[in-house]
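These are the residues of each chain, in order.
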Amino acid sequence: PCTQDALHFVANPESGITHGGESVAPPVADLATYRAHGGYALAAAVVNGETDAESVLAAMADSGLRGLGGAGFPAGRKWRIVREQAAPRLMAVNIDEGEPGTFKDRTYLERDPHRFLEGLLVAAQVVGTEACYIYLRDEYHGCRAILQRAIDELQADPPCPLPRIELRRGAGAYICGEESAMIESIEGKRGEPRMRPPYIAQVGLFGRPTLEHNFETLYWVRDIVERGPQWFAGFGRHGRQGLRSFSVSGRVKAPGVKLAPAGITLRELVDEYCGGMAEGHELYAYLPGGASGGILPARLADVPLDFDTLQPHGCFIGSAAVIVLSQHDRARDAALNVMRFFAHESCGQCTPCRVGTAKAAQLMEAPRWDADTLDDLALVMGDASICGLGQAAPNPIRCIHKYFPHEVGEAPWPGDLPPPRAGVRTER
Ligand code: SF4
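Residues numbered from 1 in each chain as written. Predicted model: local features only at pLDDT ≥ 70, side-chain atom pairs only at ≥ 80, totals over all residues. Heavy atoms only, no water.

## A closer look at the overall build of the protein chain
Convention followed: Secondary structure elements are taken from DSSP: a helix is a run of H or I of four residues or more, a strand is a run of E of two residues or more, and numbering for both begins at the N terminus. Only C-alpha atoms enter the radius of gyration; for comparison, a globular chain is expected to reach 2.2 Å times N to the power 0.38, where N is the number of residues. Only protein chains enter the area calculation, which uses a 1.4 Å probe; residues under 20% of their type maximum are buried, those over 50% are exposed, and those in between are partly exposed. Residues count as neighbours in contact if any of their non-hydrogen atoms are within 4.5 Å of one another. All accessible areas in this document rest on Shrake-Rupley with a 1.4 Å probe, and a residue is counted as covered only by the protein chains that are shown. Only four residue types enter the charge count, namely Lys and Arg as positive and Asp and Glu as negative; His and the chain termini do not. By convention, charge coordinates are those of NZ in Lys, CZ in Arg, CG in Asp, or CD in Glu.
Of regular secondary structure, the protein chain possesses 18 helices and 9 strands. Computed over the C-alpha atoms, the radius of gyration of the protein chain is 22 Å, within 12% of the 22 Å expected from 2.2 N^0.38 for a compact globule of 428 residues. Here the C-alpha coordinates of the protein chain stretch approximately 70 × 45 × 35 Å along the principal axes. In the protein chain, buried positions account for 58% of the 428 residues. Sequence separation of at least 24 residues holds for 70% of the intrachain contacts in the protein chain that already meet a minimum separation of 6. In the form shown here, the protein chain has an accessible surface area of approximately 16400 Å², with 52% of it arising from carbon and sulfur atoms. For the protein chain, the separation between the mean place of its 43 positive charges and that of its 53 negative charges on side chains is 3 Å.

## Digging into unusual backbone geometry
Omega for the bond connecting Arg-196 with Pro-197 falls within 30 degrees of zero, at 0°, which places this linkage in the cis form. Positionally, Pro-197 belongs in the loop between helix H9 (179-186) and strand E4 (210-214). A cis geometry characterises the amide bond from Pro-197 onward to Pro-198, with omega recorded as 5°. Non-glycine residue Glu-97 carries a positive phi angle of around 35°. Relative to the assigned elements, Glu-97 resides in the loop between strand E1 (89-95) and helix H6 (104-111). Phi is positive for Phe-206, which is not a glycine, with a value near 50°. You can see Phe-206 is positioned in the loop between H9 and E4.

## Considering the confidence of the model for the protein chain
Detailed reading of the predicted coordinates is not advisable wherever pLDDT is low. Which entries qualify depends on this criterion: Residue-level confidence of the predictor is summarised by pLDDT, bounded by 0 at the bottom and 100 at the top.
Chain-level statistics for the protein chain give a pLDDT mean of 90 and a share of 91% at 70 or above. For this predicted complex, the interface confidence score (ipTM) comes to 0.99, while the overall pTM stands at 0.90.

## Digging into the packing of aromatic side chains
Within a pair of aromatic rings, the relevant descriptors are the distance that separates the centres and the angle that separates the planes. The cut-off we apply is this: We call Phe, Tyr and Trp rings a pair once their centres come within 6.5 Å, taking the six-membered ring for Trp, and we label the pair stacked below 30 degrees between planes, edge-to-face above 60, and tilted otherwise. Two thresholds decide whether a charge sits over a ring: the Lys NZ or Arg CZ must be within 6 Å of the ring centre and within 35 degrees of the ring normal.
Counted by the stated rule, this structure contains 17 aromatic pairs. Consider the rings of Tyr-34 and Tyr-40, whose centres lie 5.1 Å apart with planes at 75°: the pair is edge-to-face. We classify Tyr-34 as buried; its relative accessible area is 0%. An angle of 75° between the planes, with centres 6.5 Å apart, marks the rings of Tyr-403 and Phe-404 as edge-to-face. Take Tyr-403: its relative accessible area is 8%, and that puts it in the buried class. An aromatic cluster is defined as three or more aromatic residues linked by ring pairs; in this entry it consists of Tyr-108, Phe-116, Phe-215, Tyr-219, Trp-220, Trp-231, Phe-232 and Phe-235. In this structure, Arg-77 packs its charged tip against the face of Phe-73, placed 5.3 Å from the ring centre.

## Remarks on the nonpolar core
Condition: As used in this record, nonpolar core signifies buried Ala, Val, Leu, Ile, Met, Phe, Trp, Tyr and Cys residues forming a set joined through side-chain atoms within 4.5 Å.
By size, the foremost hydrophobic cluster in this structure holds 132 residues, and its most contacted members are Trp-79, Phe-116, Leu-120, Ile-134, Phe-246 and Ile-295. Considering each element in turn, this core owes the most residues, 9 residues, to helix H7 (residues 113-127). The residues touching Leu-120, leaving out its near neighbours within four places in the chain, are Met-91, Val-93, Cys-132, Ile-134, Ile-165 and Leu-218.

## A word on the pairing of E4
What counts, and what does not: In this description, strands pair whenever DSSP reports at least two bridges between them.
Most of E4 sits out of view: 5 of its 5 residues are buried. Examined bridge by bridge, E1 and E4 share 5 bridges and lie parallel to one another. Within the sheet, the bridge partner assigned to Leu-90 lies in E4 and is Thr-210.

## Notes on the sheet that holds strand E7 (residues 283-291)
As summarised here, the arrangement of the 5 strands in space is E6-E5-E9-E7-E8, forming an open sheet in which the pairing is mixed. Pairing within the sheet leaves two strands with one partner each, and these edge strands are strand E6 (256-261) and strand E8 (296-297).

## A few points about the side chain of Thr-265
Within the secondary structure, Thr-265 sits in the loop between E6 and helix H13 (266-273). Owing to a relative accessible area of 3%, Thr-265 belongs among the buried residues under this scheme. Apart from the residues lying within four places of it in its own chain, the contact partners of Thr-265 are His-238, Ala-301, Asp-302, Val-303, Pro-304 and Leu-305.

## Digging into the packing of helix H14 (residues 331-345) against helix H15 (residues 351-363)
If you want to describe how two helices pack, look at the angle between their axes and the distance between the axes. The cut-off we apply is this: Orientation is described by lines fitted to C-alpha atoms, with helices fitted over the stretch in contact, and by angles between N-to-C directions that extend from 0 to 180 degrees. An angle counts as roughly parallel when it lies under 35 degrees, as roughly antiparallel when it exceeds 145, as roughly perpendicular when it falls between 65 and 115, and as oblique in every other case. Helix crossings are classified by the rotation of the near helix relative to the far one: an anticlockwise turn of less than a right angle makes the crossing left-handed, while a clockwise turn makes it right-handed.
Close contact between H14 and H15 brings their axes to 8 Å; oriented N to C, the two are set at 150°. Accordingly, the angle class assigned to the pair H14 and H15 is roughly antiparallel. Handedness of the crossing formed by H14 with H15: left-handed. Along its contact with H14, which presents Leu-336, Met-339, Arg-340, Phe-342 and Ala-343, the element H15 presents Thr-357, Ala-358, Ala-360 and Ala-361.

## Focus: the sheet that holds E1
By way of backbone hydrogen bonds, the strands of a sheet pair with one another, either parallel or antiparallel. On the basis of which strands lie adjacent, the open sheet formed by 4 strands has the order E3-E2-E1-E4 and parallel pairing. The two strands at the open ends of the sheet, each matched to only one other strand, are strand E3 (164-169) and E4. Direction aside, neighbouring strands of the sheet carry axes that sit 20° apart on average. Examined bridge by bridge, E1 and strand E2 (residues 129-136) share 7 bridges and lie parallel to one another. Bridge pairing links Asn-94 to Tyr-135 in E2.

## A few points about the packing of helix H5 (residues 75-83) against H7
Operational definition: Note that Gly is not counted as nonpolar here; it falls among the polar residues with everything else outside the nonpolar set of Ala, Val, Leu, Ile, Met, Phe, Trp, Tyr, Cys and Pro and the charged set of Asp, Glu, Lys and Arg.
Direction vectors running N to C along H5 and H7 enclose 45°, while the axes themselves pass 9 Å from each other. The orientation of H5 relative to H7 falls into the category oblique. Listed contacts from H7 to Trp-79, Val-82 and Arg-83 of H5 are Val-122, Ala-123, Val-126 and Val-127. For the contact of H5 with H7, the class distribution of residues is 6 nonpolar, no polar and 1 charged.

## So, a negative patch on the surface
Test applied: For patch detection, residues must exceed 30% relative accessible area and be free of salt bridges, and they are connected within 9 Å for like charges or within 5 Å for nonpolar side chains (Val, Leu, Ile, Met, Phe, Trp, Tyr). The term salt bridge refers to a pairing of a side-chain nitrogen on Lys or Arg with a carboxyl oxygen on Asp or Glu at a separation within 4 Å.
Together, Asp-370, Asp-372, Asp-375, Asp-376 and Glu-410 make up a negatively charged patch on the protein surface. By the secondary structure assignment, Glu-410 is in the segment after helix H18 (395-403).

Set out below in structure tokens:
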């Protein structure tokens, strides 16, 4: 059901995203423009009781919308869980967008901030949250101005009674994209992940039950409720359902945010949405989920990209940041870069991650890897780290062992791979 026309329909003028991800000169949709296209009618109807909360909850559940920050928890179920907790309840919105290669939230926010705010209002009403804290990464200066202006516009001329909305600035720490570290940061503490249980839905911000969402999850609420859950669920390929906003970068002709059916393969995404590989580049490898999601070889370019589909290959989609590598790149360089990033961004709270990532980065610099020591480190980091950063840190090590052993002296260069060109290292 995912036709170009249908996707173009999704890409209404307010969003500025079209099929294939080409931007249509994106003026920021102000309140008047947004309202002129029916904006805030849904929020007003939900707050005034014309649209009942149960029907919104059912639409969210039936759409299959999952958390688009990376964890992929079903959004409708999360709303119901938090709604059942004792009041007062709060909401925390994650626009930290620190995953390397991810820029979808920024793209949507720069074009259509009110669509996100309407989703926030609907969620606040249905779940019964009395205040909403929006956590925006500090590097997004332009976004902050756009979002603050949109909040000011909304508060000056509200379509319905509003919850308290607070815009908080992050301070550049990747770990504050982890939901519990973000909550610590909003509370004014050092951004360190919490042990769970209790879960954020039960004991979150300031000790209250908290609905935590990524920006993009709320961005789709209005369209899902207004167009019906089957509209969203009707997209998809290879047995998957829904839409995904892929942030594509690397060796493709047209990088950018690509709104595409869930379950599309890397090969389809590059060929149909990115204009193919860049001139002089052949697909060699790709990172399907930013720094955390692992690295796959070109021979696995036909695996559907979605939550759950990459696990059998040791990878995951996360926030759908796809980084495409060619024969001019080495997967081991990408893996080392990622490990250095983790070592730099580890909050330092637990030893397996703090020491393990730094030690692994050192070992990964060697031309021939010390496979046994790296495997030991990977095991300890994966099993004994408190949060997802340390738990996912071994992914690049495991992927290199499994798919690119020829790059680290563990196997000869395979004959069916594009040979390295002049000037490209096979060993460091
Ligand atoms: Fe901090 Fe790393 Fe431990 Fe997470 S795994 S709590 S980032 S030290």
